[in-house]
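Coordinate inspection notes
One-letter residues, chain by chain:
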Amino acid sequence: MFSLRLCSAKKCNNWALYQREVCRKHLEDPQAYDRELAAVLSGSATVSDLNLSSVALKDLDLSGKSIERCILSQTDLRRVNFADSRIRLVFMDFSVLENCSFRGAKLSNVVLAGARIEDCDFSGSDILHCNFCGSQCRETLFDGSDLYASRFIASDLERVGFKDCNLKQVRFEHARIAEADFRYSNTEDAFFEKKAQQL
Amino acid sequence: MRFFSYFSVHHFSNCYLIGPEGPGDAVLIDAGVFDEGLLKIIEDNGLYVRWVLITHLHHGHIQGLQTLQKIYEAGIHALDAEQLEVPVQPISEGKPPDCGPFSFRVLETPGHSNDSVCFLLDGMLFTGDSLSAGSVGRTATGYQRALLLSSIRKKILSLKEDVLIFPGHGPPTRLAIERRFNPYLEEKL
């Protein structure tokens, strides 16, 4: 389950971090925590039920791992390799992702809403039922991916590749789309109109 | 507590299963489908569906009830107890469902349908069709639309920002995301 406990600092309403009683704001040495966490993540094949919100991870190889039911909101992820990983029910909202690879990964029910995603590679992935609403994607590739039932409502997409993707039930209403490549994708099965495609 | 989400391609609807850490009695939120996939999750984890909570009585959220009742003796809880052919225990904001160790709060959110409710449990909100990622429920009239938006504003947007939202359709989201990016919540009443 989402292991959410409140930070023990007085009057703090943030969630406590994994193996800590406090949130990131109240850590004595956040950088040391990030290093410790990187070692823990690298050494485990499966990562589940953790709250890692606001951590900063860079140059980390998490390829092939299984990540489930975790909170990674407001994280700062740079050059993190998630290739061929399985990521399920993970909140990465309002995070920064730069130069991260998700090639061949299987994502479902992943929340990347409000995230800033730059120079990332999601090519050849299953991205099912994922939430990218309000995200800012730049120079990012989704080519050859199955994006079934994912949502990009009110997102900002610039120089993003959606070539040869399955876009069935994918929603782009209210999105700003500039220089995106939708060649060979079934755009007729996606929703682009601003008019509500409601339940 | 353990948590599972299950997606049905029949109505593109979600249902959610909440159980104890080990084997034991579980809660199912909505039953739009009850098929082998869902049964496997329940059985493989040693769970028994003891309680079913219905967010509203539209087909895509109750179609699996009959099959479920052939397998489990589950108490079914919904706002409108009269509309279903099976015995239903009525719930309301003042009368939350008794689900053993799981203490749900009921939020009545009419608009998409008259009987729409949301269920709140430990920072997780199950919104049915009232609110989903970047969208709101379909309504047939301007009055229903106004009622839905008013319900969302009064009952849901007043909750804490970090509440996780698990809707009846579409991916999960969080209240902070909907406040900031859901274009339909900007509509004036």
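Report on the accompanying structure.

**Section: the pattern of salt bridges**
Residue and element names in this part refer to chain A. In the structure shown here, the tally under the stated rule is 27 salt bridges over all chains. Of the charged contacts, one joins Arg20 and Glu36 as a salt bridge, the two residues approaching to 2.7 Å between their closest N and O atoms. Remark: Glu36 occurs in helix H1 (residues 30-42) and Arg20 occurs in the segment before H1; sequence separation between them is 16 residues. Judged by relative accessible area, which is 23%, Arg20 ranks as partly exposed.

**Details of the interface of chain B and chain A**
Taken together, the contacts link 36 residues of chain B with 36 residues of chain A. Between chain B and chain A the total buried area reaches about 2,900 Å² when both faces are included, carbon and sulfur atoms providing 63% of it. Viewed at the interface, chain A and chain B are joined by one salt bridge. Arg174(B) is the salt-bridge partner of Asp93(A), the closest N and O atoms lying 2.6 Å from each other. Looking at the side of chain B that touches chain A, the elements with two or more residues in it are strand E1 (2-8), strand E11 (135-136), strand E12 (164-167), strand E13 (173-174) and helix H5 (175-181) of chain B. In terms of residue class, the side of chain B that touches chain A is built from 17 nonpolar, eleven polar and eight charged.

**Let's talk about the sheet that holds strand E11 (residues 156-161) of chain A**
The strands that make up a sheet are held in pairs by hydrogen bonds between backbone atoms, and each pair lies either parallel or antiparallel. All names here are of chain A. Taking strand neighbours across the sheet as the criterion, the seven strands line up as E2-E4-E6-E8-E10-E11-E12 in an open arrangement whose pairing is parallel. Bordering the open sheet on either side are strand E2 (56-61) and strand E12 (176-178), each of which pairs with just one other strand. Taking the axes of each pair of neighbouring strands and ignoring which way they run, one obtains an average angle of 15° across the sheet. In terms of strand pairing, strand E8 (residues 116-118) meets strand E10 (residues 136-141) through three bridges, oriented parallel. Bridged to Glu118 within E10 is Arg138.

**Points about the packing of aromatic side chains**
Residue and element names in this part refer to chain A. Overall, the coordinates contain 29 aromatic pairs over all chains when judged by the stated rule. Measuring from centroid to centroid gives 5.6 Å for Phe182 and Phe192, while their planes differ by 85°, and the two rings are edge-to-face. With Phe182 in the segment after E12 and Phe192 in the segment after E12, the pair connects residues that are ten residues apart, well separated along the chain. Exposure remark for Phe182: the relative accessible area of 18% places this residue in the buried category. For Phe192, a relative accessible area of 31% puts it in the partly exposed group. Among the aromatic residues, those joined into a cluster by ring pairs are Phe82, Phe102, Phe122, Phe132, Phe142, Phe152, Phe162, Phe172, Phe182 and Phe192.

About the cut-offs
Residues numbered from 1 in each chain as written. Chains lettered and ligands numbered in written order. Predicted model: local features only at pLDDT ≥ 70, side-chain atom pairs only at ≥ 80, totals over all residues. Heavy atoms only, no water. Salt bridge = Lys/Arg side-chain N within 4 Å of Asp/Glu carboxyl O. Helix = DSSP H or I, 4+ residues; strand = E, 2+ residues; numbered from the N terminus. Buried < 20%, exposed > 50% of the residue type's maximum accessible area, 1.4 Å probe, protein only. Contact = heavy atoms within 4.5 Å. Buried area = accessible area lost by both parts, 1.4 Å probe. Nonpolar A, V, L, I, M, F, W, Y, C, P; charged D, E, K, R; others polar. Pairing = 2+ DSSP bridges. Axes fitted to C-alpha atoms, helices over the stretch in contact; angles between N-to-C directions. Phe/Tyr/Trp six-rings, centres within 6.5 Å; stacked < 30°, edge-to-face > 60°.

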